[in-house]
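Listed below, chain by chain, are the residues.
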Amino acid sequence: MASSKGSGPQVIDISKLNLEQLTNLKNQLDQELQFFNESLQQLKIAQLKFNESGECVDKVTPEVKGKEVLVPLTSCMYVPGTIADAEKLLIDIGTGYYVERDVPGAKDYFTRKVKFVTEQMEKIQKIAAEKSKLREVVMDIMEVKVDQQLAAIQQQQAATGAAKA
């Protein structure tokens, strides 16, 4: 249940949680870390694509007008084509939308996209590092609790053995 006094996160002393609750918390943190790692991988792929596209824009100069290129129809099928206009580029901005830009505008677009994706990656890396530290703390507390339970069982067995003797 959420407290109505504040909208901030609820603070829980994890040292007061039992072993089952700690295990559940650890599993939740593992899932979150996996999600962050998958997100980072997807962002890295996007960053590489934007970076590569920006580098390709540098190769489009007025001298390439009239040159033959291979135009992709699918990821594995190409047809020959000729560059008709080296001044204007058609940029895929996502979800089936394209924008026509001049070469400097296209270069600026890809530079901004690389910067944006890099910033998002840094944010996710920071959050993932905090979650990883919290996971380590939970693991340490779990280890202490297991040791305490084992010690209690050993004491109980020793007391039972001493009472029989």
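Residues numbered from 1 in each chain as written. Predicted model: local features only at pLDDT ≥ 70, side-chain atom pairs only at ≥ 80, totals over all residues. Heavy atoms only, no water.

Among the surface-exposed residues, Val69, Val71, Leu73, Met77 and Val79 lie close enough to one another that they form a single nonpolar patch of about 370 Å² accessible area. As for its placement among the helices and strands, valine 69 is situated in strand E1 (residues 68-74). (Patch = residues over 30% accessible without salt bridge, like charges linked within 9 Å, V, L, I, M, F, W, Y side chains within 5 Å. Areas by Shrake-Rupley, 256 points an atom, 1.4 Å probe, with all protein chains shown as cover. Salt bridge = Lys/Arg side-chain N within 4 Å of Asp/Glu carboxyl O. Helix = DSSP H or I, 4+ residues; strand = E, 2+ residues; numbered from the N terminus.)

A few words on the side chain of arginine 135. Along the chain, the position of arginine 135 falls in helix H2 (residues 103-164). Within polar-contact distance, the side chain of arginine 135 engages the side chain of aspartate 30 at 2.3 Å. Contacts of arginine 135, omitting those with residues within four sequence positions, involve Lys26, Leu29, Asp30 and Leu33. (Polar contact = N/O pair within 3.5 Å; in protein donor to acceptor, adjacent residues only side chain to side chain. Contact = heavy atoms within 4.5 Å.)

All right, on to helix H1 (residues 19-58) then. The terminal C-alpha atoms of H1 lie 58 Å apart, and with 40 residues this matches the ideal 58 Å at 1.5 Å per residue to within 8%. Every buried residue of H1 is listed here: Leu22, Leu25, Lys26, Leu29, Leu33, Phe36, Ser39, Leu40, Gln47, Phe50, Gly54 and Val57. Of the residues that open H1, the one with a side-chain oxygen 3.1 Å from the backbone nitrogen of glutamate 20 is asparagine 18. (Expected span 1.5 Å × (residues − 1). Buried < 20%, exposed > 50% of the residue type's maximum accessible area, 1.4 Å probe, protein only.)

Looking now at the nonpolar core. Ranked by size, the top nonpolar core spans 16 residues in total, and within it Phe50, Val57, Leu89, Ile91, Ala106 and Phe110 carry the most contacts. Among the secondary structure elements, those contributing two or more residues to this core are H1, strand E3 (88-94) and H2. The biggest single contributor to this core is H2, with nine residues. Ile14, Leu25, Val138 and Met142 belong to the second largest nonpolar core, which has eight residues in total. (Core = buried A, V, L, I, M, F, W, Y, C linked by side-chain atoms within 4.5 Å.)

Let us now look at the pattern of salt bridges. In total, this model carries eight salt bridges according to the counting rule given. We note a salt bridge from lysine 131 to glutamate 32, for which the minimum N-O separation is 2.8 Å. Placement of lysine 131 in helix H2 and of glutamate 32 in helix H1 is noted, with a sequence separation of 99 residues between them. Residue class for lysine 131 comes out partly exposed when judged on its relative accessible area of 23%.

Turning our eyes to something else, we now look at the environment of isoleucine 124. Within the secondary structure layout, isoleucine 124 lies in helix H2. Since its relative accessible area comes to 17%, isoleucine 124 is described here as buried. With 85 residues separating them along the chain, isoleucine 124 and serine 39 place their C-alpha atoms 8.1 Å apart.

A separate point is a negative patch on the surface. Negative charge collects at one region of the surface, where Asp85, Glu87, Glu100 and Asp102 lie side by side. In this fold, aspartate 85 is placed in the loop between strand E2 (77-82) and E3. The exposure class of aspartate 85 is partly exposed, given its relative accessible area of 38%. (Lys, Arg positive; Asp, Glu negative; His and termini not counted. Charge placed at Lys NZ, Arg CZ, Asp CG, Glu CD.)

Remember, this is a structural readout, not a statement about activity or role.
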